[in-house]
Amino acid sequence: MDKEKTDKESYMVFSGTCTKYLAEKICQSLGCELGKLQITKFSDGEFAVSYEESIRGRDIFLVQSTFPNSDNLMELLLMIDAAKRASARTINAVIPYFGWARQDRKDKPRVSIGAKLVADLLSVAGIDRLITMDLHADQIQGFFNVPVDHLYGSGVIMPYLANLKLDEMVIASPDVGGSKRANTYAKYFGCPLVLCNKTRVRANVVDNMQIIGDVEGKNVVIIDDMVDTAGTITKAADIMKQAGAKTVRACASHCVMSGPASERVQNSALEEIVFTDSIPYTQRCAKVKQISVADMFAETIRRVINNESISDQYLV
């Protein structure tokens, strides 16, 4: 039996319901078939998971983003449990978007730390490795006692921005917390960094915002890890346009885009907003563009299988 056939038979890729679109592209890049998995739904909302082919002794990669609703997380937990009970050799959770990550610490009394709870659930269910992308907070990696391969959407976003060939480009962060991420882009392109200082009245509602830096006559690119209701990023774009920016566009890894987000983006000063396809986007907005991370995840899976380093995948 040739080595290539043996390698391909050593691993299998499966997907939950809502991330199948990405898993199929990952499998296409890997040159393998998506594994057969059945999820049976019951009338009360409960569901059951079963593998429709043998996975005994195989390295299993389960592709599932844990975006709302909670069924996506529960599907993944059941997939992990079923794989463990079916004697898979290793169980690798591939979570392009790690949900609940904004709850990474106690920022006020008597609150939950959702990211730690999800980490515990995945660990108890039985994962051997986590492959994810652009966690809301890097320290979430420390919530796990298994290897975490933390990828970055910059691997596909930076080449896209480079192809635009924007002159007088400025990188901006929509808040102080994202300054480290934005600074990485600024260093890569060798351009200035601008910060936005915002205050919130409550979650998802920005009270006021000030720009720290010069944007007049510049092509501004706002960098963030995710866009939820788009209140912050559209407010930042509008303020920068008023301050004399030539153009304003935004790039973020995760396309949460809930509630009024699409309408806000469409009516804002943004030229475009670029996401990866870690989360499916089904609404219509002419300014939204998605770039696939399937090849990046496929290459990471390939290297994990072959026990190779993944560090040279990072652009910075």
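Summary of the structure given here.

Each value, and the rule that gives it
- Residues numbered from 1 in each chain as written.
- Predicted model: local features only at pLDDT ≥ 70, side-chain atom pairs only at ≥ 80, totals over all residues.
- Heavy atoms only, no water.
- Helix = DSSP H or I, 4+ residues; strand = E, 2+ residues; numbered from the N terminus.
- Buried < 20%, exposed > 50% of the residue type's maximum accessible area, 1.4 Å probe, protein only.
- Contact = heavy atoms within 4.5 Å.
- Areas by Shrake-Rupley, 256 points an atom, 1.4 Å probe, with all protein chains shown as cover.
- Phe/Tyr/Trp six-rings, centres within 6.5 Å; stacked < 30°, edge-to-face > 60°.
- Salt bridge = Lys/Arg side-chain N within 4 Å of Asp/Glu carboxyl O.
- Core = buried A, V, L, I, M, F, W, Y, C linked by side-chain atoms within 4.5 Å.
- Axes fitted to C-alpha atoms, helices over the stretch in contact; angles between N-to-C directions.
- Parallel < 35°, antiparallel > 145°, perpendicular 65-115°, else oblique.
- Left-handed = near helix turned anticlockwise from the far one by under 90°.

### As for the overall build of the protein
Phase 1: Per the secondary structure count, the protein includes 9 helices and 14 strands.
Phase 2: Across its three principal axes, the protein shows a C-alpha extent of roughly 65 × 45 × 35 Å.
Phase 3: A buried classification covers 51% of the 316 residues belonging to the protein.
Phase 4: Taking all contacts inside the protein whose residues are at least 6 apart in sequence as the whole, residues at least 24 apart take part in 62%.
Phase 5: Accessible area for the protein stands at about 14900 Å²; split by element, carbon and sulfur atoms hold 48% of it.

### Quick word on the packing of aromatic side chains
Phase 1: Here the structure, examined in full by the defined rule, presents 4 aromatic pairs.
Phase 2: Between F98 and F144, the ring centres sit 6.0 Å apart and the planes meet at 75 degrees, which makes this aromatic pair edge-to-face. Of this pair, F98 sits in the loop between β5 (90–95) and α4 (114–125) while F144 sits in the loop between β6 (129–133) and β7 (148–151), placing them 46 residues apart in sequence. Both residues of the pair, F98 and F144, belong to the buried class.
Phase 3: Where Y188 meets F189, the ring centres are 5.0 Å apart and the plane angle is 90 degrees; that geometry is what we call edge-to-face.

### Focus: the pattern of salt bridges
Phase 1: Tallied over the entire structure, the rule returns 15 salt bridges.
Phase 2: Residue K41 is joined to E75 by a salt bridge in which the shortest nitrogen-to-oxygen separation is 3.5 Å. One end of the pair, K41, is in strand β2 (residues 37–41); the other, E75, is in helix α3 (residues 71–85), and 34 residues separate them in sequence.
Phase 3: The exposure class assigned to K41 is partly exposed, which follows from its relative accessible area of 47%.
Phase 4: Salt bridges sharing common partners tie together E299, R302, R303 and D312.

### Some words on the nonpolar core
Phase 1: Membership of the largest hydrophobic core comes to 40 residues, with the highest contact counts inside it found for V13, I26, F61, I171 and F297.
Phase 2: The element contributing the most residues to this core is helix α9 (residues 294–305), with 7 residues.
Phase 3: In this view, I171 contacts A182, Y185, A186, C191, P192, L193, V194, V221 and I223; residues no more than four positions away in its chain are not counted.
Phase 4: By size, the runner-up hydrophobic cluster in this structure holds 34 residues, among which are F14, I80, A82 and L135.

### Description of unusual backbone geometry
Phase 1: Residues P68 and N69 are joined by a peptide bond in cis, for which omega reads 10 degrees.
Phase 2: Even without a glycine there, the phi angle at W100 is positive, about 70 degrees.
Phase 3: Within the secondary structure layout, W100 lies in the loop between β5 and α4.
Phase 4: For A230, which is not glycine, the phi torsion reads 70 degrees and is therefore positive.
Phase 5: Mapped onto the elements, A230 comes out in the loop between β11 (219–227) and α7 (231–242).
Phase 6: Accessibility expressed as a relative area gives 3% for A230, which makes it buried.

### Observations concerning the packing of helix α2 (residues 20–30) against α9
Phase 1: Two elements in contact, α2 and α9, have axes whose closest approach is 8 Å; the angle formed by their N-to-C orientations is 55 degrees. What the angle tells us is that α2 and α9 run oblique. Here α2 and α9 pass one another in a crossing that is right-handed. Listed contacts from α9 to L22, K25, I26, S29 and L30 of α2 are A294, D295, F297, A298, I301 and R302.

### Some words on the environment of A269
Phase 1: Positionally, A269 belongs in the loop between α8 (261–266) and β13 (273–276).
Phase 2: Separated by 188 residues in sequence, A269 and D81 place their C-alpha atoms 47 Å apart.
Phase 3: Leave out the neighbours within four places in its chain, and A269 touches A237, D238, K241 and V248.

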